[in-house]
Amino acid sequence: MESNTRIDKKYDLVIIGAGPAGYEAAREASSRGMKTALVEKQELGGTCLNRGCIPTKTILHSAELFAQMKDGEQLGVKAEHLSFDMERAQKRKEEVLSQLRSGIELLMKKGKVDVYYGKAVINSRHEVQLEGKDIFLSAENILIATGSVPSVPKLPGIHLPNVLTSDDILSKKEVYPRLTIIGGGVIGMEFASIYSALGCKVTVIEFLDRILANMDKEISQNLKMILKKRDVEIHTGASAEEILEGENGGLVCRYQEKNVEKTAESDAVLIAIGRRVCTEGLFAEGLDIATERGRILVNEYGQTNIPNIYAAGDVVPGVQLAHAASARSTYAVAHMAQNLFGQEKSLPPLNMDVVPGCVYTNPEIGCVGLTQEEAKKRGVSVIVKKYPMSANGKTVLSGQERGFIKVVAEAQSHKILGAQMMCARATDMISEFGTAIVNELTLEQMAGVIRPHPSFSEGITEAVR
């Protein structure tokens, strides 16, 4: 027989959401001596671990290995009867996720963080309840880190079978021979890379005038050319109008491109137009948290208009990236600790202008700081250095695609302001430029670093010379 006894617990901090913002905040709070609770309605790790970054890159790794083996004969590797087993790839993905979730669970136990599973409702500025349960958590501070979910447009036919979000397609144990992707942002391009690597026919429909529109224009152009070589059709300046049932269980996406009506036939349609915040049902009636276009407004410390309620991650304005989320949440915790324990009031500023952006296509893309276009808009005089990776020994010997490293520096001082990389291991190497920007290093100082040969990182030396 179930007990209806009310359970009341008291904490220094209650965190809602166990994604990168949430579990990293819990670790930080624990290390600072705060009694902490973490509430999660699904699995530890949040979207990034369970339905986003990690599963996407795990499947992408398998798909790219398959593509490399298909082309391996020119490298002296001959494979016969090669096939791709999505069911097995999905099994490996689940093994990876399980291992990483277990790691987070262990970290929470070591930090003596109490983990509750269920949907949280903030009843008041100091109380969180688990919906449908008599569990009430009182808190000196509350951190909202509930993340985001895929955006779904109001499009006729959107609820037809095999019209999928990124959450849906990541759990499928089948490969769709023909895939239409609505959206040419990061999510759309990564799935275009996965499916093109598997030899599928991919069609991308992007409303804006180019794919990856928030990145350097040359990156967009270069990626479009590379994907075209892999038989990916990319239609920019195009608007999806309707999804219809086609013949033999397929789908037809009707769209407008430059005022001409066109259609794309496929076995599935992936909706990849972005993500929206996940705050439905979070606030009890009468709790007025300030928002703008659905996102929770916060100050430099992560405080909402109710000072002891903080927010971080995808629910606040700014970039929706896991590493940005964890940086903002741990900074918020540091501010709470100061208020709780009377510590030194000054906090070093958190520089959210230097957040690396990465796209795990082939080749990889890494960007940080200002682009040439952004510098021009700000009226900053710059010099731009560019190095084609086709001249890099490691790139040539490993058979990588065309790529480049571009560096933007202040014209007079030569201080690094930004960098855009499109090459193998770009997502690993871009942090070198982030460090340079934060520490105000110059082109000459970066050029003075000795990098190993042969390596992809030699391209950095060549670019900054």
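Just above sits the structure.
The structure contained in this document is the topic of the report that follows. It should be emphasised that the depicted structure is a prediction, and the values quoted were computed from it without experimental measurement. (Residues numbered from 1 in each chain as written. Predicted model: local features only at pLDDT ≥ 70, side-chain atom pairs only at ≥ 80, totals over all residues. Heavy atoms only, no water.)

## Here we look at the overall build of the chain
Piece 1. Scanning the chain for helices and strands turns up 13 helices and 24 strands.
Piece 2. Over its C-alpha atoms, taken along the principal directions, the chain stretches across nearly 70 × 65 × 45 Å.
Piece 3. Considering only contacts within the chain whose residues lie at least 6 apart along the sequence, 63% involve residues at least 24 apart. (Helix = DSSP H or I, 4+ residues; strand = E, 2+ residues; numbered from the N terminus. Contact = heavy atoms within 4.5 Å.)

## Thoughts on the sheet that holds strand S21 (residues 365-369)
Piece 1. Read from one edge of the open sheet, 5 strands run S20-S21-S24-S23-S22, paired in antiparallel fashion. At either end of the open sheet lies a strand with only one pairing partner, and these are strand S20 (357-359) and strand S22 (382-388). Strand-to-strand, the axes of this sheet are offset by a mean angle of 10°, without reference to chain direction.
Piece 2. Here 7 bridges tie S22 to strand S23 (residues 404-410), and the two strands are oriented antiparallel to one another. Residue pairing across strands places Lys385 opposite Val407, the latter belonging to S23.
Piece 3. Helix H7 (residues 217-229) contacts S21, S22, S23 and strand S24 (416-422) of the sheet and is inclined by roughly 5° relative to S24.
Piece 4. Packing of helix H11 (residues 426-438) onto the sheet brings it into contact with S20, S21, S23 and S24, and relative to S24 it is tilted by some 175°. (Pairing = 2+ DSSP bridges. Axes fitted to C-alpha atoms, helices over the stretch in contact; angles between N-to-C directions.)

## Some thoughts on the packing of helix H3 (residues 53-70) against helix H6 (residues 186-197)
Piece 1. Running from amino to carboxyl end, H3 crosses H6 at an angle of 35°, the nearest separation of the two axes being 8 Å. Relative to H6, H3 is oriented so that their crossing is left-handed. When H3 is examined against H6, the residues Thr56, Lys57, Ile59, Leu60, Ala63, Glu64, Phe66, Ala67 and Lys70 are found in contact with a partner set consisting of Glu190, Phe191, Ser193, Ile194 and Ala197. (Left-handed = near helix turned anticlockwise from the far one by under 90°.)

## Some points on helix H1 (residues 20-31)
Residues spaced three or four apart along an α-helix point in a common direction, a consequence of the helix completing one turn every 3.6 residues.
Piece 1. Along its 12 residues, H1 runs 16 Å from first to last C-alpha, staying within 8% of the 16 Å computed at 1.5 Å per residue.
Piece 2. Taken together, the buried positions of H1 are occupied by Pro20, Ala21, Gly22, Tyr23, Ala25, Ala26 and Ala29.
Piece 3. Looking at the buried positions of H1, the neighbouring elements they touch are strand S1 (7-16), strand S2 (36-40), helix H2 (46-50), helix H4 (86-110), strand S6 (135-144) and helix H8 (322-341). (Expected span 1.5 Å × (residues − 1). Buried < 20%, exposed > 50% of the residue type's maximum accessible area, 1.4 Å probe, protein only.)

## Some thoughts on the layout of surface pockets
To find leftover empty space, one rolls a probe the size of a water molecule over the atoms.
Piece 1. Reported here for the second largest pocket is a volume of approximately 1,200 Å³.
Piece 2. Lining the second largest pocket are 33 residues, and of these Glu64, Leu65, Gln68, Asn362 and Gln400 sit closest to its centre.
Piece 3. Looking at the lining of the second largest pocket, the element that brings in the most residues is H3, giving 9 residues.
Piece 4. A class-by-class count of the residues in the lining of the second largest pocket yields 12 nonpolar, 12 polar and 9 charged. (1 Å grid on protein atoms, 1.4 Å probe; cavity = no way out; pocket = protein on both sides within 12 Å on 5 of 7 lines; lining within 4 Å. Points joined across faces, edges and corners; volume = space filled by probe spheres on them. Nonpolar A, V, L, I, M, F, W, Y, C, P; charged D, E, K, R; others polar.)

## Description of the pairing of strand S9 (residues 178-182)
Piece 1. The element S9 is extensively covered by neighbouring structure, given that 4 of its 5 residues are classed as buried.
Piece 2. Relative to strand S10 (residues 201-206), S9 is paired through 5 bridges, and the arrangement is parallel. Bridge pairing in S10 links Ile182 to Ile205.
Piece 3. Note that the unit made of S9, H6 and S10 has a crossover that is right-handed.
Piece 4. In the sheet, S9 pairs with strand S15 (residues 268-271) via 4 bridges, with the strands oriented parallel. In the strand pairing of S15, Leu179 is matched with Ala268. (Right-handed = clockwise from strand over helix to strand, strands pointing away.)

## Let's talk about the packing of aromatic side chains
Piece 1. Applying the stated criterion across every chain yields a total of 3 aromatic pairs.
Piece 2. Geometrically, the ring pair formed by Phe66 and Phe84 is edge-to-face, given 5.7 Å between the ring centres and 65° between the ring planes. Of this pair, Phe66 sits in helix H3 while Phe84 sits in the loop between H3 and H4, placing them 18 residues apart in sequence.
Piece 3. With 6.3 Å between their ring centres and 15° between their planes, Tyr301 and Tyr331 make a pair best called stacked. Here Tyr301 is found in the loop between strand S18 (295-296) and strand S19 (309-311), whereas its partner Tyr331 is found in helix H8, with 30 residues between them in sequence.
Piece 4. Between Arg6 and the ring centre of Phe136, over which it is positioned, the NZ or CZ distance is 3.6 Å.
Piece 5. Directly above the ring of Phe404 sits Lys386, whose terminal nitrogen or CZ lies 5.0 Å from the centroid. (Phe/Tyr/Trp six-rings, centres within 6.5 Å; stacked < 30°, edge-to-face > 60°. Lys NZ or Arg CZ within 6 Å of the ring centre and 35° of its normal.)

## Concerning the state of the cysteines
Piece 1. Applying the stated rule across the entire model yields 0 disulfides.
Piece 2. The thiol of Cys358 is unpaired, and the distance to the nearest cysteine sulfur, on Cys367, comes to 7.9 Å.
Piece 3. A relative accessible area of 15% places Cys358 in the buried class. (Disulfide = S-S within 2.5 Å.)

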